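Observations on the three-dimensional arrangement
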2 protein chains.
Amino acid sequence: MRSITLLGATGSVGTSTLDLLRQDRSAWRVEALTANSSVIELAALAREFDARIAVVADESCLPALRDALSGTSIEAAAGPRALNEAAARPVDITVAAIVGCAGLGPVMAAIEQGGTIALANKEALVSAGEVMTAAVAKHGATLLPVDSEHNAIFQCLAGNAIEDVRWITLTASGGPLRGFSVAELARVTPAQAVAHPNWSMGAKISVDSATMMNKGLEFIEAHHLFPVGLDRIRIVVHPQSVIHSMVEYRDGSTLAQLGPSDMKVPIASCLAWPRRMDTPCDPLDLVAHGELTFFAPDEQRFPATRLAREAAHAGGAAPAVLNAANEIAVAAFLDGQIPFTRIAVSVEEILNETAIAQAPTSLNEVQALDGEARARTSALLESA
Amino acid sequence: MRSITLLGATGSVGTSTLDLLRQDRSAWRVEALTANSSVIELAALAREFDARIAVVADESCLPALRDALSGTSIEAAAGPRALNEAAARPVDITVAAIVGCAGLGPVMAAIEQGGTIALANKEALVSAGEVMTAAVAKHGATLLPVDSEHNAIFQCLAGNAIEDVRWITLTASGGPLRGFSVAELARVTPAQAVAHPNWSMGAKISVDSATMMNKGLEFIEAHHLFPVGLDRIRIVVHPQSVIHSMVEYRDGSTLAQLGPSDMKVPIASCLAWPRRMDTPCDPLDLVAHGELTFFAPDEQRFPATRLAREAAHAGGAAPAVLNAANEIAVAAFLDGQIPFTRIAVSVEEILNETAIAQAPTSLNEVQALDGEARARTSALLESA
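So, how was this worked out
- Residues numbered from 1 in each chain as written.
- Chains lettered and ligands numbered in written order.
- Predicted model: local features only at pLDDT ≥ 70, side-chain atom pairs only at ≥ 80, totals over all residues.
- Heavy atoms only, no water.
- Helix = DSSP H or I, 4+ residues; strand = E, 2+ residues; numbered from the N terminus.
- Rg over C-alpha atoms; globule rule 2.2 N^0.38 Å.
- Buried < 20%, exposed > 50% of the residue type's maximum accessible area, 1.4 Å probe, protein only.
- Contact = heavy atoms within 4.5 Å.
- Lys, Arg positive; Asp, Glu negative; His and termini not counted.
- Charge placed at Lys NZ, Arg CZ, Asp CG, Glu CD.
- Pairing = 2+ DSSP bridges.
- Axes fitted to C-alpha atoms, helices over the stretch in contact; angles between N-to-C directions.
- Buried area = accessible area lost by both parts, 1.4 Å probe.
- Salt bridge = Lys/Arg side-chain N within 4 Å of Asp/Glu carboxyl O.
- Polar contact = N/O pair within 3.5 Å; in protein donor to acceptor, adjacent residues only side chain to side chain.
- Nonpolar A, V, L, I, M, F, W, Y, C, P; charged D, E, K, R; others polar.
- Phe/Tyr/Trp six-rings, centres within 6.5 Å; stacked < 30°, edge-to-face > 60°.
- Lys NZ or Arg CZ within 6 Å of the ring centre and 35° of its normal.
- Least-squares fit on C-alpha atoms with pLDDT ≥ 70 in both.
- Core = buried A, V, L, I, M, F, W, Y, C linked by side-chain atoms within 4.5 Å.
- Domains from an automatic or database assignment.

Moving on, we get to the overall build of chain A. Within chain A, the secondary structure is distributed over 17 helices and 12 strands. Against the 2.2 N^0.38 benchmark of 21 Å for 384 residues, chain A shows a C-alpha radius of gyration of 20 Å, consistent with a compact globule. If you line up chain A on its principal axes, its C-alpha atoms span 60 × 50 × 40 Å. With 384 residues in all, chain A has 59% of them scored as buried. Taking the intrachain contacts of chain A between residues at least 6 apart in sequence as the baseline, contacts between residues at least 24 apart amount to 67%. Taking the 28 positively charged and 43 negatively charged side chains of chain A as two groups, their mean positions are separated by 3 Å.

A few words now on the sheet that holds strand β5 (residues 93–96) of chain A. For sheets, the rule is that strands pair by backbone hydrogen bonds, running either parallel or antiparallel. All names here are of chain A. Overall, parallel pairing links the seven strands, which are arranged β4-β3-β2-β1-β5-β6-β7 in an open sheet. Here the strands that pair on one side only, and so sit at the sheet edges, are β4 (75–78) and β7 (142–145). On average, each strand axis in the sheet is tilted by 20 degrees relative to the strand beside it, whichever way the strands run. Both strand β1 (residues 2–7) and β5 contribute to a ladder of four bridges, which runs parallel. Its bridge partner lying in β5, Thr5 is registered against Thr94. Across the sheet, helix α12 (residues 264–272) touches β1, β2 (28–35), β5, β6 (116–119) and β7, and the angle it forms with β5 is around 155 degrees.

A few words on the interface of chain B and chain A. Listed as interface residues are 48 residues of chain B and, on the opposing side, 48 residues of chain A. Between chain B and chain A, a total of about 3,900 Å² is buried, with carbon and sulfur atoms accounting for 49% of that surface. Across the chain B-chain A interface, the total number found is six salt bridges. One salt bridge in this structure joins Arg275 of chain A and Asp164 of chain B, with 2.7 Å as the shortest N-O distance. There are 30 residue pairs in polar contact (both at pLDDT 80 or more) connecting chain B and chain A. Elements represented by at least two residues in the side of chain B that touches chain A include exactly α7 (148–157), β8 (165–172), β9 (233–237), β10 (243–249), β11 (254–258), α12 (264–272), α13 (286–289) and β12 (291–293) of chain B. The leading source of residues in the side of chain B that touches chain A is β11 of chain B, at five residues. A breakdown of the residues in the side of chain B that touches chain A according to their chemical character gives 24 nonpolar, 12 polar and 12 charged. Pairing between strand β12 (residues 291–293) of chain A and β12 of chain B: three bridges, direction antiparallel.

What follows covers the packing of aromatic side chains. The relative placement of two aromatic rings is captured by the distance of their centres and the angle of their planes. A full pass over the atoms with the stated rule returns four aromatic pairs over all chains. For the pair Phe333 of chain A and Phe340 of chain A, a centre-to-centre distance of 5.5 Å together with 70 degrees between the ring planes defines the contact as edge-to-face. Like Phe333 of chain A, the residue Phe340 of chain A is buried in the burial classification. Here the basic side chain of Arg276 of chain A rests over the ring of Tyr249 of chain B, its NZ or CZ set 4.2 Å away from the ring centre. The ring of Trp167 of chain B carries the charged tip of Arg234 of chain B above its face, separated from the ring centre by 4.3 Å.

Below, the discussion takes up the relation of the copies chain B and chain A. Of the transformation superimposing chain B on chain A, the axial component is 0.0 Å and the angular component is 180 degrees, with the fit at an RMSD of 0.0 Å. On the angle and the small slide along the axis, the relation comes out as a two-fold axis. Taken as a fraction of all interface residues of chain B, those also at the interface in chain A reach 100%, which identifies the copy contact as same-surface.

Our focus in this paragraph is the nonpolar core. Ranked by size, the top nonpolar core spans 180 residues in total, and within it Leu322 and Phe340 of chain A together with Leu322 of chain B carry the most contacts. If we skip the residues at most four places from it in the chain, Leu322 of chain A touches Met213, Leu217, Ile220, Leu307, Ala308, Ala311, Val347 and Leu351 of chain A.

What follows is about the sheet that holds strand β9 (residues 233–237) of chain A. If you trace the eight strands from one edge of the open sheet to the other, you get β9(A)-β8(A)-β10(A)-β11(A)-β11(B)-β10(B)-β8(B)-β9(B), paired in mixed fashion. Looking along the sheet, the strands with just one partner apiece sit at the ends: β9 of chain A together with β9 of chain B. Strand-to-strand twist in this sheet, taken as the mean axis angle between neighbours without regard to direction, amounts to 20 degrees. Of the pairings in the sheet, the one linking strand β11 (residues 254–258) of chain A to β11 of chain B comprises five bridges and is antiparallel in character. Following the sheet pairing, Leu255 of chain A is matched in β11 of chain B by Gln257 of chain B. Across the sheet, helix α11 (residues 213–225) of chain A touches β8 (165–172) and β9 of chain A, and the angle it forms with β8 of chain A is around 155 degrees.

So, about the domain arrangement of chain A. Residue and element names in this part refer to chain A. For chain A, the assigned domains are domain 1 (2–145), domain 2 (147–296) and domain 3 (315–384). Taking only C-alpha atoms into account, the centre of domain 1 sits 25 Å from that of domain 2. Contacts between domain 1 and domain 2 engage 24 residues on the former and 24 residues on the latter. Carbon and sulfur atoms supply 72% of the area that domain 1 and domain 2 bury against each other, a total of about 2,100 Å² over both sides. The three residues of domain 1 that bury the most area against domain 2 are Leu20, Lys122 and Pro145, which together make up 35% of that side's buried surface. At the surface where domain 1 touches domain 2, the tally comes to four salt bridges. Note that Lys122 and Asp147 form a salt bridge whose closest N and O atoms lie 2.7 Å from each other. Summed over the shared surface of domain 1 and domain 2, the result is six residue pairs in polar contact (both at pLDDT 80 or more). Class assignment for the residues of the side of domain 1 that touches domain 2 results in 14 nonpolar, six polar and four charged.

Turning our eyes to something else, we now look at the pairing of β8 of chain B. Residues and elements named next belong to chain B. Extensive coverage of β8 is indicated by the burial of seven of its eight residues. Looking at chain direction, β8 and β10 are connected through five bridges and run antiparallel. For Trp167, the partnering residue across the bridge sits in β10 and is Glu248. Looking at chain direction, β8 and β9 are connected through five bridges and run parallel. Each residue of the ladder has a partner; that of Leu170, found in β9, is Ile235.

For the rest of this paragraph, the subject is the side chain of Glu221 of chain A. All names here are of chain A. One can find Glu221 in helix α11. You can call Glu221 buried: its relative accessible area is 4%. Excluding residues within four positions of it along the chain, Glu221 makes contact with Lys122, Leu125, Val126, Asp147 and His150.

The next point concerns helix α5 (residues 104–112) of chain A. All names here are of chain A. Counting buried positions over the nine residues of α5 gives eight, a clear majority of the element. Looking only at α5, the buried set comprises Leu104, Gly105, Pro106, Val107, Met108, Ala109, Ala110 and Ile111. Remark: Gly114 follows α5 within two positions and exhibits a positive phi of approximately 70 degrees.

Have a look at this one:
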C-alpha cells in the first residue's frame with residue numbers, strides 16, 4: 001500500500017488520477033486532497049477515498065468544507081499556509097496538479113520533504129525553474145513529469161545517461177490553426193482557438209496550443225527537467241500527436257514514446273514508476289492511424305516558440321515574465337479584447353521592455369516578478 | 001580499455017564493428033578475429049588491430065593464414081574446434097556475427113564463459129532457441145541483440161520490467177515486392193527480389209525480406225529473446241523502416257526506437273551498452289522523411305510470417321526445420337530452379353510432413369535436425 005497526496009484533486013489531472021486510484025483502491029492510502037474552491041466535490045472525494053485531510057485554497061470556503069465533512073474523521077483546512085502544510089506531510093508520491101502560480105508554494109513544500117513528486121504544474125518550472133531544480137537537488141527529491149511530452153522524454157531516458165543525449169525533440173500538434181494564414185489568424189475567434197484537434201483541455205491551454213506558446217513553455221520546462229543545453233532541444237510539428245516526444249542518442253538511436261491523447265497514460269506512468277500499471281486506454285493501432293506526418297514549425301505565423309526560446313536563452317526573469325504576460329494576453333483574447341495575433345505581439349513587447357534581471361532565487365521573488373509582469377501586461381492591453 | 005572478440009570479422013556486421021572500433025582504437029583490445037575463408041583480409045585485420053589470435057573456419061586455409069601472419073606474434077588457427085576455443089577466451093564482449101549454423105558452436109562457447117555476447121547470428125536463436133536461452137540462463141551470460149529490430153526492442157525495454165509488456169511490435173519494410181499481386185509474385189526474378197528498398201544486405205536475407213520470411217524468423221527470435229508469449233508479438237508493415245520496432249506497456253505507453261537503416265547503430269548500442277558511443281550516422285530528420293506509414297501484413301500474398309508463427313506455436317523441431325527448408329528453397333530460387341512463390345509453398349510442405357518432435361536439447365540435435373531438413377527439402381525440390 002502506497003500513500004499519496006493529490007494537490008488539485010478536482011481539476012482535470014486530479015480527476016484522471018483518482019480514476020486510476022479507483023482501479024485498485026486497496027493499493028493506495030490517500031493522505032491529502034486539495035482544491036481551489038470546489039468544496040462539495042472535494043468533500044465527496046475525501047469521503048470516497050477516506051483522505052486524512054482535505055484542504056481548500058479559498059479560506060472563505062472553510063465553513064462549507066467543515067459542514068460537508070461533518071460526521072467523518074477527515075480533517076478540514078483552508079488557505080495557502082494549510083495547503084503548504086498538507087503538501088509537506090510525508091507520502092510516497094505527491095501529484096502536483098494545481099494550475100498556475102498558486103501551485104508553486106505547495107510544490108516547493110513537497111520538494112522540501114525530499115519525496116517523489118509527479119509534477120503537472122507547468123508554471124512551476126517555467127517561472128521558478130532554477131528555484132525548483134535547486135530545491136530538488138538540495139533535498140534529494142524526485143520529479144516525475146506528468147505533461148505528456150516531458151513524461152515521454154522521461155520514459156525515453158530510462159536506462160540511459162543524459163550525457164549521451166544528442167537531441168530532445170518535442171512534438172507539437174500544431175494546434176487547430178496550423179493551416180491558417182497570417183490574415184486568417186488575425187480574425188480567429190476564441191471558439192476556433194480552443195477547438196484542439198487531439199486533446200480535450202481547458203480554454204487557456206487550448207489557446208496556448210493554438211498560438212504554440214504551449215510548446216514554447218514546454219521547451220522551457222524541458223530545459224529545466226533535462227539539462228542537455230538549450231541548443232539540443234527542438235520542436236517538430238506532428239499533427240496526429242501519436243508520438244509524444246523523442247530523445248536521440250549520440251549513436252544515432254532515437255527513442256520515442258507513443259500513445260493515446262489521454263492524460264491517464266502519463267499519470268499512470270508516474271504513479272507506478274518505475275513499474276507500470278493498467279489504464280483503461282485502448283492499445284496503439286498504427287495501422288488504423290495509417291500515417292504519421294512531420295513538419296518544421298513556422299515561426300513567422302506562430303512566433304511564440306521563438307519568444308520562449310529567446311526567453312530561455314536570456315534567462316533571468318525572462319521566462320517568468322513570458323509566462324505572466326502570456327496568461328494576461330490569453331485572458332484578454334478570450335474576453336474579446338484583443339485579436340489572436342496580438343497575444344504573441346503583446347508578450348514580445350513586454351519582454352522587450354523588461355530589464356534583464358537576475359534569475360529569481362526564491363519563491364517570493366518569482367511571485368513578485370509574476371505579479372509585476374501581469375500588471376504591466378494589463379496596462380499595455382488597456383492602453384491599446 | 002575493453003577486450004573484444006569478433007566472430008565473423010570479414011562479413012558485413014564484422015566490417016561495421018571494426019569501423020566503430022577504428023574511431024577510438026585506444027579503447028579496445030582485440031582478442032580474437034575469425035573468418036570463414038577470407039584469409040588475406042583476416043590477416044590484414046588481425047595485423048591492423050593487433051589481435052591475439054586469428055582463426056579461419058576452413059582448415060585448408062591454415063597454411064595461407066600462417067604465411068599472411070608471418071613476422072607477427074599473432075597466433076593462427078583453423079577449423080571448428082579452434083573457432084570454439086577462440087570464442088571461449090574470456091573477453092568483455094563477443095560480437096557473434098558468423099552467418100548460419102556454422103556460428104552455433106562458437107556462440108555457445110562464448111555463452112558458456114558467462115560473458116556478454118552481441119548476437120548477430122539469426123539462425124542461432126531460430127534453430128537453437130531453447131538450447132541457447134537455457135545456456136544463457138545457466139551460465140549467467142548477457143545477450144545483446146544486434147539485429148536492428150531486436151536491438152530496438154531491447155532499447156525500448158531499458159528500465160522496464162518484461163512483465164509490464166502488453167505488445168511487442170516488429171516493424172517490417174514489406175520488402176521490394178510489397179505491392180505485387182500473387183500473379184506478379186509468381187514471375188519475380190532473383191534480381192527483383194534482392195533489390196531491397198531500405199537496407200543493403202546479402203542475397204539470401206534480401207530474398208527473405210521479399211518473402212517476409214525474414215520477419216517470420218525475427219518473430220521466432222523475438223520470442224526467445226523477450227519471453228512475453230507468442231500472442232503478444234505482432235508484425236506491422238512500415239515501408240520507411242524508420243521505426244525499427246516497438247514495445248507497448250500495460251499503461252498504454254509505447255516506446256519505439258527509430259534510426260537510420262545502418263547496422264552501425266545497433267552494433268554501437270551493443271558495444272557501448274549500457275552507455276552510448278558515437279557513430280558516423282546522420283541525425284534523424286523526421287521533417288525530411290515527411291511521413292511514416294503503417295499497414296497490416298498480407299499473409300495471403302506473403303504467407304511466410306504465418307508459417308513462422310505456426311512453427312513457433314508448434315515448437316519442438318518446427319522452427320529449425322522451417323529455417324533449414326527456407327535456406328534450401330531460397331538457394332533454389334536464386335539458382336533459377338523454382339519460382340518465387342514456391343519458396344513458401346516448399347517450406348510449408350516440409351513443415352507439414354515433419355513429425356512433431358521434441359525440441360532439440362543439444363547443439364548436436366539441432367545440427368542433425370537442420371541437416372535432415374535440408375536434405376528433405378533438396379529432395380522435394382529436385383523431384384518437382
